[in-house]
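# A closer look at the structure
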2 protein chains.
Amino acid sequence: MEKSIKRRTTMNRMQVTGLELFYKNGYYNTSVDDILKELSLSKGAFYYHFDSKEDFFIQIIEQLVVRKVYSMLIEPIEGHENTLDLITNCFENALETAVHNELDYGFVLSNFIHEFNGRNQEIMKHLNEILRIWEVTLVSAIQRGKFNGHIDRHVDAEGVAVYLMSSFIGIRTLMVETAPSARKYRFMSQLRQYFKSIEVRQQSY
Amino acid sequence: MEKSIKRRTTMNRMQVTGLELFYKNGYYNTSVDDILKELSLSKGAFYYHFDSKEDFFIQIIEQLVVRKVYSMLIEPIEGHENTLDLITNCFENALETAVHNELDYGFVLSNFIHEFNGRNQEIMKHLNEILRIWEVTLVSAIQRGKFNGHIDRHVDAEGVAVYLMSSFIGIRTLMVETAPSARKYRFMSQLRQYFKSIEVRQQSY
DNA sequence: TAACATTCCGACCCAGTGGTCGGTTAACTC
DNA sequence: GAGTTAACCGACCACTGGGTCGGAATGTTA
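Residues numbered from 1 in each chain as written. Chains lettered and ligands numbered in written order. Predicted model: local features only at pLDDT ≥ 70, side-chain atom pairs only at ≥ 80, totals over all residues. Heavy atoms only, no water.

Phe91, Trp134 and Leu164 of chain A together with Phe91, Trp134 and Leu164 of chain B are the most contacted members of the largest nonpolar core, which has 140 residues in total. When near neighbours in sequence (up to four residues on either side) are disregarded, leucine 164 of chain A contacts Ile87, Phe91, Leu138, Ile142, Leu191, Tyr194 and Phe195 of chain A. (Core = buried A, V, L, I, M, F, W, Y, C linked by side-chain atoms within 4.5 Å. Buried < 20%, exposed > 50% of the residue type's maximum accessible area, 1.4 Å probe, protein only. Contact = heavy atoms within 4.5 Å.)

As a further point, take the interface of chain B and chain A. Contacts between the two partners involve 46 residues from chain B, matched on the other side by 46 residues from chain A. Where chain B abuts chain A, roughly 4100 Å² becomes buried across the two surfaces, and 56% of that area is made up of carbon and sulfur atoms. Summed over the three residues of chain B that lose the most area to chain A, namely His114, Tyr163 and Gln190 of chain B, the buried surface amounts to 17% of that side. Here chain B is connected to chain A by two salt bridges. Put simply, glutamate 135 of chain A and arginine 183 of chain B hold a salt bridge, and the shortest N to O gap is 3.0 Å. Across the contact surface, chain B and chain A share 21 residue pairs in polar contact (both at pLDDT 80 or more). Among the elements of the structure, helix H1 (3–25), helix H6 (108–116), helix H7 (121–147), helix H8 (157–174) and helix H9 (180–198) of chain B are those that each provide at least two residues to the side of chain B that touches chain A. (Buried area = accessible area lost by both parts, 1.4 Å probe. Salt bridge = Lys/Arg side-chain N within 4 Å of Asp/Glu carboxyl O. Polar contact = N/O pair within 3.5 Å; in protein donor to acceptor, adjacent residues only side chain to side chain. Helix = DSSP H or I, 4+ residues; strand = E, 2+ residues; numbered from the N terminus.)

Around DNA strand D, the surrounding shell holds 23 residues, and the nearest of these are Val32, Tyr47 and Lys53 of chain A together with Tyr48 and His49 of chain B. Lysine 43 of chain A places a polar side-chain atom, nitrogen or oxygen, 2.8 Å from a base oxygen of DNA strand D. A distance of 3.2 Å separates a phosphate oxygen of DNA strand D from a polar side-chain atom of arginine 7 of chain B. When residues of the surface near DNA strand D are traced back to their parent elements, those giving at least two are helix H3 (43–49) of chain A together with H1 and helix H3 (43–49) of chain B. When residues in the surface near DNA strand D are grouped by element, the largest group, five residues, is from H3 of chain B. Looking at the surface near DNA strand D residue by residue, the class counts come to six nonpolar, nine polar and eight charged. (Near = heavy atom within 4 Å. Nonpolar A, V, L, I, M, F, W, Y, C, P; charged D, E, K, R; others polar.)

Our next topic: the packing of aromatic side chains. Ring pairs (aromatic) are described by centroid distance and by the angle formed between their planes. Residue and element names in this part refer to chain A. Scanning the entire structure with this criterion turns up 45 aromatic pairs over all chains. Summarising the aromatic geometry, the rings of phenylalanine 46 and phenylalanine 50 are spaced 5.6 Å apart at their centres and angled 40° between planes, so their arrangement reads as tilted. On the basis of relative accessible area, phenylalanine 46 is assigned to the buried category, the value being 0%. A residue is classified by how much of its surface remains accessible, and phenylalanine 50, at 0% relative accessible area, is buried. Three or more aromatic residues link up through ring pairs in this structure, and these residues are Phe22, Tyr27, Tyr28, Phe46, Tyr47, Phe50, Phe56, Phe57, Phe112 and Phe116. Between lysine 53 and the ring centre of tyrosine 27, over which it is positioned, the NZ or CZ distance is 4.3 Å. (Phe/Tyr/Trp six-rings, centres within 6.5 Å; stacked < 30°, edge-to-face > 60°. Lys NZ or Arg CZ within 6 Å of the ring centre and 35° of its normal.)

Once chain B has been moved 0.0 Å along the axis and rotated by 180°, it coincides with chain A to within an RMSD of 0.1 Å. Here the symmetry operator amounts to a two-fold rotation axis. In this assembly, 100% of the residues forming the interface of chain B have copies in chain A that are likewise at the interface, indicating an isologous arrangement. (Least-squares fit on C-alpha atoms with pLDDT ≥ 70 in both.)

This brings us to the protein's contact with DNA strand C. Surveying the vicinity of DNA strand C reveals 22 residues, the closest of which are Tyr48 and His49 of chain A together with Lys43, Tyr47 and Lys53 of chain B. Of everything in DNA strand C that lies within 4 Å of the protein, sugar and phosphate atoms constitute 60%. Glycine 44 of chain A is positioned with one of its backbone polar atoms (N or O) 2.9 Å from a base oxygen of DNA strand C. Between a phosphate oxygen of DNA strand C and a side-chain N or O atom of lysine 53 of chain B, the distance comes to 2.8 Å. Counting residues per element, the ones that place at least two in the surface near DNA strand C are helix H1 (3–25) and H3 of chain A together with H3 of chain B. Along the lines of polarity and charge, the residues of the surface near DNA strand C split into six nonpolar, eight polar and eight charged.

Our focus in this paragraph is the environment of isoleucine 35 of chain B. Relative to the helices and strands, isoleucine 35 of chain B resides in helix H2 (residues 32–39). Among residues more than four places away in sequence, those in contact with isoleucine 35 of chain B are Met14, Thr17, Gly18, Leu21, Phe22, Thr30 and Phe56 of chain B.

The next point concerns the domain arrangement of chain A. All names here are of chain A. Domains assigned within chain A are domain 1 (1–50) and domain 2 (54–198). For domain 1 and domain 2, the distance between their C-alpha centroids amounts to 28 Å. In this complex, domain 1 contributes 15 residues to the contact, which on the side of domain 2 involves 21 residues. Between domain 1 and domain 2, a total of about 1600 Å² is buried, with carbon and sulfur atoms accounting for 71% of that surface. For the domain 1 face of the interface with domain 2, the top three residues by lost area are Leu19, Tyr23 and Tyr27, together amounting to 44%. Taken together, the links from domain 1 to domain 2 amount to zero salt bridges. Inspection of the region where domain 1 meets domain 2 yields six residue pairs in polar contact (both at pLDDT 80 or more). Here the side of domain 1 that touches domain 2 takes nine residues from H1, the largest share from any one element. Of the residues contributing to the side of domain 1 that touches domain 2, the split by class is eleven nonpolar, three polar and one charged. (Domains from an automatic or database assignment.)

Right under this line is the structure:
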């Protein structure tokens, strides 16, 4: 195999397996050896490609986690249709995926935020950055909705964004282990209820 | 000092310091030695009072975490006034405490849920039990509200409870590190907005 | 095919980790 | 005040963690 390709292939294999195990067992609870055993690779290979366990993880965030969040939570709400519908469908799909996940460990991003908060400033910077992007995407979606006449123009876009992020992070936490499907259903109903309260009032009566 | 008192005193000191460090650094990231160093106690003392690190932690949950959650989230909403007001004030206070916490590591309960989910069934049982109690307390509060005529009788009490728990867990996650005060304010505004949508419609117009 | 660079191997280092155990000290009982 | 027991000490153990390093294998180039 060509060298540069071989390099990227090996690194990617390590990262994919690494994310899998970090997500499943937590960062501090997963040893470099665990990952290497899974791949039948050696310590030497690992430290040839990465400077340290931390460096390894940061690259995983940049390569894999960011993309996951983008495709799941950012891109689906960038359209120009009714934004409340976009967000509803986006959440619906994200939660449905979680329900069907045999072994669900929650929302990747919030899992890692919990693990690193107050413990690793460097990694937290990266995680917060993703949250920030999610937030501005939501805010601009809400504002588009106001502009397009779907959302009441008095609502506070930042407030709605924070509220949406909160509830999503929370429901993903609640959906692990206990009645994920039922909780998802209840959550989505209430989300729609909430959305009704910020839609433009229909003057049809 | 009398023996049985001395025993309880020592155990309590260990638990208080233990919770502090577990909350701050995580369970797996805090060694028994860390706790003992803080207290100038020895391994012998620790394993004289507790069977294992896990046993120690479970006792911390039963003794300290349960009580914390009770006094912060359960008892404040058990009154018979307008339940939506009770919940609003309860959340307001809980979040305000978090804002003023110099070093905030989030909602104790959800922190530990994230850490132990899929890793320690025994401990998860205890944590889920607390969540369950919180849930039934919320559900019965909502139902009281419907009965008392404050809440629209068509709303789904279980749904509202899940939605409230979600949003609370989520906002506590978001409040660590980034703009806790602003986020709290935005969150509370939207919560009130949501509450308005499940109140009984005022026929005053 | 010789010379060189890239990729990977695995023995080794050592600072911890949870947990054990024989022993000491202090408090209570009779 | 001797004997008993609860409370605690700290050296020790087996093991694991992240990380190092000399060298072997596998390309790549001239």
